[in-house]
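Understanding the architecture of this molecule
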Amino acid sequence: MFSAIFDKRHPQSGARPGTLVIPKEAPTPRIYMIRYRAEDVTESDVSEVDELKAAFDEEAVTWIDIQGYGDKALIQSIGDLFKLHPLLLEDVVNIPQRPKTEAYGDQLLTVVRMVRVDGPGEIDMEQVSIVLSKNYVLTFQERYGDVLDPVRRRIRSGKGVIRQHRADFLAYAIADTIIDGYYPVLESIGEHLEELEDVVVTDPTPDLLIELNQIKNRLINLRRGIWPQREAVNTMVRGDHPAISSEVQIYLRDTYDHCVQTSEVAEMYREMVTGLMNTYLSSIANRTNEVMKVLTIMASIFIPLTFLAGIYGMNFEHMPELHVKWAYPAVWITMLGTAAGMLIYFWRKGWISFGGASTTSRKQREEG
Amino acid sequence: MFSAIFDKRHPQSGARPGTLVIPKEAPTPRIYMIRYRAEDVTESDVSEVDELKAAFDEEAVTWIDIQGYGDKALIQSIGDLFKLHPLLLEDVVNIPQRPKTEAYGDQLLTVVRMVRVDGPGEIDMEQVSIVLSKNYVLTFQERYGDVLDPVRRRIRSGKGVIRQHRADFLAYAIADTIIDGYYPVLESIGEHLEELEDVVVTDPTPDLLIELNQIKNRLINLRRGIWPQREAVNTMVRGDHPAISSEVQIYLRDTYDHCVQTSEVAEMYREMVTGLMNTYLSSIANRTNEVMKVLTIMASIFIPLTFLAGIYGMNFEHMPELHVKWAYPAVWITMLGTAAGMLIYFWRKGWISFGGASTTSRKQREEG
Amino acid sequence: MFSAIFDKRHPQSGARPGTLVIPKEAPTPRIYMIRYRAEDVTESDVSEVDELKAAFDEEAVTWIDIQGYGDKALIQSIGDLFKLHPLLLEDVVNIPQRPKTEAYGDQLLTVVRMVRVDGPGEIDMEQVSIVLSKNYVLTFQERYGDVLDPVRRRIRSGKGVIRQHRADFLAYAIADTIIDGYYPVLESIGEHLEELEDVVVTDPTPDLLIELNQIKNRLINLRRGIWPQREAVNTMVRGDHPAISSEVQIYLRDTYDHCVQTSEVAEMYREMVTGLMNTYLSSIANRTNEVMKVLTIMASIFIPLTFLAGIYGMNFEHMPELHVKWAYPAVWITMLGTAAGMLIYFWRKGWISFGGASTTSRKQREEG
Amino acid sequence: MFSAIFDKRHPQSGARPGTLVIPKEAPTPRIYMIRYRAEDVTESDVSEVDELKAAFDEEAVTWIDIQGYGDKALIQSIGDLFKLHPLLLEDVVNIPQRPKTEAYGDQLLTVVRMVRVDGPGEIDMEQVSIVLSKNYVLTFQERYGDVLDPVRRRIRSGKGVIRQHRADFLAYAIADTIIDGYYPVLESIGEHLEELEDVVVTDPTPDLLIELNQIKNRLINLRRGIWPQREAVNTMVRGDHPAISSEVQIYLRDTYDHCVQTSEVAEMYREMVTGLMNTYLSSIANRTNEVMKVLTIMASIFIPLTFLAGIYGMNFEHMPELHVKWAYPAVWITMLGTAAGMLIYFWRKGWISFGGASTTSRKQREEG
Amino acid sequence: MFSAIFDKRHPQSGARPGTLVIPKEAPTPRIYMIRYRAEDVTESDVSEVDELKAAFDEEAVTWIDIQGYGDKALIQSIGDLFKLHPLLLEDVVNIPQRPKTEAYGDQLLTVVRMVRVDGPGEIDMEQVSIVLSKNYVLTFQERYGDVLDPVRRRIRSGKGVIRQHRADFLAYAIADTIIDGYYPVLESIGEHLEELEDVVVTDPTPDLLIELNQIKNRLINLRRGIWPQREAVNTMVRGDHPAISSEVQIYLRDTYDHCVQTSEVAEMYREMVTGLMNTYLSSIANRTNEVMKVLTIMASIFIPLTFLAGIYGMNFEHMPELHVKWAYPAVWITMLGTAAGMLIYFWRKGWISFGGASTTSRKQREEG
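I will try to describe carefully the structure that is included in this document. (Residues numbered from 1 in each chain as written. Chains lettered and ligands numbered in written order. Predicted model: local features only at pLDDT ≥ 70, side-chain atom pairs only at ≥ 80, totals over all residues. Heavy atoms only, no water.)

Let's shift gears to the overall build of chain A. Scanning chain A from N- to C-terminus turns up 9 helices and 7 strands. Here the C-alpha atoms of chain A give a radius of gyration of 35 Å, more than 25% beyond the 21 Å that 2.2 N^0.38 yields for 368 residues. Across its three principal directions, the C-alpha atoms of chain A cover 120 × 45 × 30 Å. For chain A, the residues scored as buried account for 61% of the 368 residues in total. Intrachain contacts of chain A at a sequence separation of at least 6 include 66% that bridge at least 24 residues. Accessible area of chain A: about 14200 Å², with a carbon and sulfur share of 53%. The positive charge centre, built from 39 side chains, and the negative charge centre, built from 51, are 3 Å apart in chain A. (Helix = DSSP H or I, 4+ residues; strand = E, 2+ residues; numbered from the N terminus. Rg over C-alpha atoms; globule rule 2.2 N^0.38 Å. Buried < 20%, exposed > 50% of the residue type's maximum accessible area, 1.4 Å probe, protein only. Contact = heavy atoms within 4.5 Å. Areas by Shrake-Rupley, 256 points an atom, 1.4 Å probe, with all protein chains shown as cover. Lys, Arg positive; Asp, Glu negative; His and termini not counted. Charge placed at Lys NZ, Arg CZ, Asp CG, Glu CD.)

This part takes up the sheet that holds strand β1 (residues 30–36) of chain A. All names here are of chain A. Strand order in this open sheet of 7 strands is β2-β1-β3-β7-β6-β5-β4, and the pairing throughout is mixed. The open sheet is flanked by β2 (41–46) and β4 (100–104), the only strands paired with a single partner. Here the average twist between neighbouring strands, direction ignored, is 20°. Pairing analysis gives 10 bridges linking strand β5 (residues 107–117) to strand β6 (residues 123–132), with the strands arranged antiparallel. Looking at the pairing, T110 lines up with I130 of β6. Across the face of the sheet, helix α4 (residues 167–180) comes into contact with β1, β3 (61–67), β5, β6 and β7 (136–141) while running at roughly 170° to β6. (Pairing = 2+ DSSP bridges. Axes fitted to C-alpha atoms, helices over the stretch in contact; angles between N-to-C directions.)

Our next topic: the sheet that holds strand β5 (residues 107–117) of chain E. Residues and elements named next belong to chain E. Overall, mixed pairing links the 7 strands, which are arranged β2-β1-β3-β7-β6-β5-β4 in an open sheet. Each edge of the open sheet carries a strand with a single partner, namely β2 (41–46) and β4 (100–104). Here the average twist between neighbouring strands, direction ignored, is 20°. Sheet topology places strand β1 (residues 30–36) next to β2; 6 bridges connect them, and they run antiparallel. Bridging from a neighbouring strand, M33 pairs with S44 of β2. Contacting β1, β2, β3 (61–67) and β7 (136–141), helix α3 (residues 149–157) runs over the sheet at an angle of about 150° to β3. In the packing of helix α6 (residues 206–238) onto the sheet, the strands contacted are β4, β5 and β6 (123–132), and the crossing angle to β5 comes to about 150°.

Moving on: the interface of chain A and chain B. In this assembly, 69 residues from chain A lie in contact with 70 residues from chain B. Summing both partners gives a buried area of about 6300 Å² for chain A against chain B, and 64% of it is carried by carbon and sulfur. Residues D257 of chain A and K100 of chain B are paired through a salt bridge, measuring 2.4 Å at the closest nitrogen-oxygen approach. Our count for the chain A to chain B interface comes out at 16 residue pairs in polar contact (both at pLDDT 80 or more). Elements represented by at least two residues in the side of chain A that touches chain B include exactly α3 (149–157), α4, α5 (182–202), α7 (246–311), α8 (327–348) and α9 (360–367) of chain A. Top element by residues in the side of chain A that touches chain B is α7 of chain A. It accounts for 32 residues. When its residues are assigned to classes, the side of chain A that touches chain B shows 32 nonpolar, 20 polar and 17 charged. (Buried area = accessible area lost by both parts, 1.4 Å probe. Salt bridge = Lys/Arg side-chain N within 4 Å of Asp/Glu carboxyl O. Polar contact = N/O pair within 3.5 Å; in protein donor to acceptor, adjacent residues only side chain to side chain. Nonpolar A, V, L, I, M, F, W, Y, C, P; charged D, E, K, R; others polar.)

Quick look at the interface of chain C and chain B now. How big an interface is tends to be reported as the loss of accessible area on association of its parts. Listed as interface residues are 70 residues of chain C and, on the opposing side, 68 residues of chain B. Buried surface at the junction of chain C and chain B, both sides included, amounts to about 6300 Å², of which 64% is carbon and sulfur. At the boundary of chain C and chain B, one finds 5 salt bridges. Here E102 of chain C ties to R253 of chain B by a salt bridge, and the two come within 3.5 Å at their closest N and O atoms. Where chain C packs against chain B, one counts 16 residue pairs in polar contact (both at pLDDT 80 or more).

Residues and elements named next belong to chain B. Inspection of the entire model under this criterion finds 60 aromatic pairs over all chains. Centroid distance F56 to F82: 5.3 Å. Interplanar angle 45°. Geometry classified as tilted. One end of the pair, F56, is in the loop between β2 (41–46) and β3 (61–67); the other, F82, is in the loop between α1 (72–81) and α2 (86–93), and 26 residues separate them in sequence. On the basis of relative accessible area, F82 is assigned to the buried category, the value being 2%. Ring centres 4.9 Å apart and planes at 55° place the aromatic pair F82 and Y136 in the tilted group. (Phe/Tyr/Trp six-rings, centres within 6.5 Å; stacked < 30°, edge-to-face > 60°.)

For the pair of chain copies, the relating transformation is a rotation about an axis with a translation along it. Superposing chain A onto chain B requires a rotation of 72° together with a translation of 0.0 Å along the rotation axis, leaving an RMSD of 0.1 Å. Taken together, the rotation angle and the small translation identify this as a five-fold axis. For chain A, the smallest separation between a C-alpha atom and the rotation axis is recorded for G313 of chain A, amounting to 4.6 Å. The share of interface residues of chain A whose copies in chain B are also at the interface is only 14%, consistent with the copies meeting through different surfaces. (Least-squares fit on C-alpha atoms with pLDDT ≥ 70 in both.)

Let's shift gears to the relation of the copies chain C and chain B. Relative to chain B, chain C is turned by 72° and slid 0.1 Å along the rotation axis, the superposed coordinates differing by an RMSD of 0.0 Å. A different interface surface on each copy is seen, since only 14% of the contact residues of chain C are contact residues in chain B too.

In this section: helix α2 (residues 86–93) of chain C. In an α-helix, one full turn covers 3.6 residues, which means residues spaced three or four apart are oriented alike. Burial runs high along α2 of chain C: 7 of the 8 residues are buried. Buried within α2 of chain C we find L87, L88, L89, E90, D91, V92 and V93 of chain C. Those residues of α2 of chain C that are buried are in contact with α7 (246–311) of chain B together with α1 (72–81), β4 (100–104), β5 (107–117), β6 (123–132) and β7 (136–141) of chain C.

Counting through the fold element by element, Q97 of chain E comes out in the loop between α2 (86–93) and β4. Non-local contacts of Q97 of chain E, meaning those with residues more than four positions away in its chain, are made with Q261 of chain D together with D91, V111, R113 and Q127 of chain E.

Honestly, it's all geometry; don't read function into it.
Below, the structure is given as structure tokens:
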């Protein structure tokens, strides 16, 4: 959990700015280019950086999607081709960055965090950097695979307004899709919490506490991604960068609302986890109380009886009771009476009930 | 509880903006139109969208109330008729939205959350979207039924100032009525808390903790509606949208005050629930303490006595006491003395009292 | 406690703005008018609304004090006479309002909350609405009786500067006196807390926790009045309402300081109550620990001895020890030795002390 | 503790502004005047207010230090001589005020709180009011004695820059010296906490909790002084009052840094006290756990053995074992075996260790 | 821990500003000068202050690094040579200062805190003051050794852009390297927490709690360094000091991002430590519960049996059972039956399991 919080790919401290630190295990880059105008779309896998020059053609909108950083020279040459600022390129490659929006000349860098549910209780986080210029959008992703297929489909189908707009609308569509991806993740956490809500009272095992702690840490981590994202999107909405038209800003306002909503839900879940943890603690206290009651009832009933039996086990010569005929049954009656008295006492205190364990609370309430 | 937090009606992530996602179970829309001038009122159920064109007549104020979204085409055609922005329509239909006020050209969208007490401990939440233009107000509601009948009655009766004003006053009246609806909901929670306040000490069962947790979650959820509502109303008060006159802004200032007041009460209740939960925990601790005292008193009194009885139950040949005539009564006296000593010791410690359980605390304070 | 938080006098939700909701039990209004110039003062009980027209005379300052709202027509006619805005009148009558300062034309409404200690541990809260105009001040109070007599005396005596100033100074004097009334209330809470501070360790009964919870709720409630009052006074200080001269603003700055100070003290007390509650919880834990120690010591000493006695109570034919003459005393010596060993063990652990209960802690510290 | 929070010297609520409330026990004022130019210094005890007129001489800087308020007429006549605003004089005398900086015409009032360690664990707080004008500084102190001797020595010695500057530098030097006085106070609290840090685990007595609570309350109280002081000094730095030159503002920036630093340290200590309190609670829980283990081990070992002994203490006629020769030793062996089994069980659970109490934890970790 | 929070080197309160307080143990200063242009680099140890005059040569960039303050006269003469403001010099020497950026004429002082992992669980903190002017950078360090070697290497190698830039880039490189030094420190804390995460459930010893408390205090202390650093770097980014070019501000924006990121990670770790502490507490509660269960099971099984044995150990003359032949085995059967009944009862309650301790929780869940 903890080690996931930051990656060790951070450059050596003191390295010169713009140093690209690419881990061994980074996959080889795959580049996919989509170019579209209102009338048509062309798509192609790119193997040569030179093919990307098509993006400078101002008539169409070009989306260049780079997945994987495993080739430093290639990344660098893309940077050179598009004249990316060294710090921009560093932010793109040296992950994880804090989500943010920053202007570099006529390019606008937006860093967001893409999340996906990845197996039960596992969340996969991946940084996506979106570079927006007037005619093209570059997206850089850590690994293969993403949540952006619906955007690709919308471009291909030509339905909706995406093909009528410029690159800023594309960038909006990408950011919006990534942020909408938080909903299913939060939903799966919500469902998990709902399941645990009962277990926490019926079966408070230590494992459960560990599980709650893990969910909490996951939420803390998630929130760490969501919060700065709000700010990043807000910068796009309120900023006056020439690459974003006022019409697209209205759409981005909607994305901003989703950011706020997801961050509120994450916050609320965190409060609820804290609530469950407190419930856990008091369930344990309750259980200890239950255990103690059993012990106290058993001990309180039998210890006095054992004492009585001990009395008549003594070997004094002069114990007149021993010779009385009805003494033995009398002792039994005394014992049963004592036990019954104790039972009544505990029943009045609400510690035991004769209608089954489930009605204890109701009984207690009546006895009060 | 958790699943109620967000609805699954959110569009597929990556869907194009403006996509209307209408769940299967949404009821068929019912449209009701009220048109009024200072002098007269006309009301009608609307079955054809074309009838709504009457709203463009500038002489009267028209309120078109749409309940239920179960007909996508109809909703869309209303959107087309009133030239609603695709995002506005999406916000209206794809619930739940965060409460907010947003301007779309000369239309002003205000999203609020209507609450009602729905059975014991149940709160029904429903999104109401209010679209205000110069001459008409559109309200979109998720389901049939609302809290707005008093507004309708005020329009019909012609008393008060509502018929002298324009559409902005109508929008204010609707928002104000919805926000005033929070008072009875908070009151019912307050009364519930008041009931639980005693029970938490007299009868701290696990069920009670679950109940408290549910109230807390309900308050968290409620607050999530109230907080952004403050902002939404404030935007109406401070904003300078042409559809809202400065006179109506004075009225909205009052609505804003109610928003603040309800959010403060909700916050205060949440603090009080937390207080009750802590009380619960220490009630449990107290009870365990009580249980332990009973056990300790019983064990401390009888264990030494049983030991004494055990001594004279030994079978040694040479135990002179066994043959002494008054030895048996002497042992009894010793035992009773020991028991009395223990009782006095515990009484001085304040663990037991002879004046009945209820006076324990007073006794203890004196012994202190 | 909870029900006190809001009054049920809130108008029906959806009622038209300006609706006055006057509860059955509201006392009949008593109106008292004080008019003064630098040279003289006249005072009179007012029974006819027409007498109040004297307030429009610009030469003197008029203070009209209305206590009790139990006559809707009368209140309405006062409203008409002074041309009070319907919302202003609603704020005055429909209590409780949040403290605030709001301008209505050349009138300035300030709503504050007057507090008084009302019997042990009881705080009486009452809303006072101050309407300031150029030449007159209207004060509306819920019930008879207030804390404003010192202001009346200052007007009558003519000492000090009050008679040299206009109505704004009078409004300041009233607000200041009401806010100074928080000091004795906070002081009484402070003294109560000081008393409980010891009890919480020496005698942590459940009643005490309830008491602490009540103080906490009272502080939460008090703070809810104080906080917006800060804002309300600040609006008077910083605002540029023509009715308040810059000279009086210097005086109001002082009142603002008192608001801040009382809110800080209330906040600090709340932290201290929380501290006491935690102390309570750990006192309970301590007590349970003490109880457990007694049980453990008793059981650990006597259980082994009883076992030994049990051994020689067995009826085996071949138990050579039984026939040894000094066996019985030897068993006693063994038993005393075992008991002594246990006692030494517990004493070294710091669980028991021989210098009296009060020195336990010191002993323990030495043994460490 | 609580009563120290506010003094009861507050004027009667409703008293007219500017009323001086001087408690009976206030010491008679002592006035000490220091006048200096770059070349020379004169110092004198002042008994007549008229002597103070020397302060109006513009060539020198005059520092008039008044300690004790026990003479209302004298204080009033000083106020008259220097034309102090009635509210300024009220703020000076009616203590405690919140630290603040306020301009009254060409005079600048700064209220700060001077602290000193006063015996073990005791902090003495005293309000110092600094009135700065162009040529003189008035300081008003509650009681005799202060921390300002170093400033006096610096004036006398003529080293450093103090004699080259005007009154603003003197006011800075006084405020700076008072704020530096927080360092030793915080240090002494820090050392106290360091001592308690170990005790809280080795010897968690109830007294300790009370001690921690007192330190916490002391820190809350201290913070209440420090926080507004930040603001007060900041007003001096950022404000543009003519009495403070831009050169002295650079020095005051340094004082502001110290305010921030002390407030951060106080805050940090408060967090640490909270941490220690939690540690205390879990130490108690640990101890209860230890006590329980001892009880459980003793009871679990001996209760079964006693049962066995009880079996063979029965008086049935037909108990064949009783007549077997090796039965008695066999029972002993069974008993020792059972006891050994229990011991091994507890040792494997990590509840007991044979290498001494201190190694328990290591053992447990291995058994885990 | 606590004493580390502030150093006692603070000047006597009331000392004149600019007083340098140099502790006895401060090492003798070592001065190292690096001068570079795009073409070449010269480095030299400096023993005479006069050699530093080379820094005034405007053609090259000069970095003068002073490590250790153990020579007051030397420090003072450096201050004189570079015309450092007395307060600047005080901030440099009188450590620890709060991190900050302050302008003194054309010099810009940035105080940062350098951290290094120093042995297991130990963090070494050292103040570094960076004085930036147009052509030179002075760095003052408390002790020998630092994290700045990578910067020196970059200057020497001439790769990268550092030699093409002026002194502002050098200051950026130094600050950036120091702030990047927080990553490994936070990582080591993160790894430590990850280790403790399991231990806290499997082996919650008091030592562990102390360890967690120490980590928490370390994080509090670390955060105290990081937070103001954000502000300090932000002042460099947003400020318009002539010594920092707009190009370098883009680089500093990156440094600012790192500050924010480290502060967020520190904050998140603190939350996690709090989570672990709560887990610790409930582990203890769990363990007490376990201990209680063992006791209760043992006592509940054997106490009734012992009682039965006690019955037939009584010496009454008339106890018919004693003479029945099969009475003895019947008693055994009764006893075994009782014991089995208790075991089944506890097994149904989920207190014991026959599949080994590890399956308890699963069993319990089924029995629920």
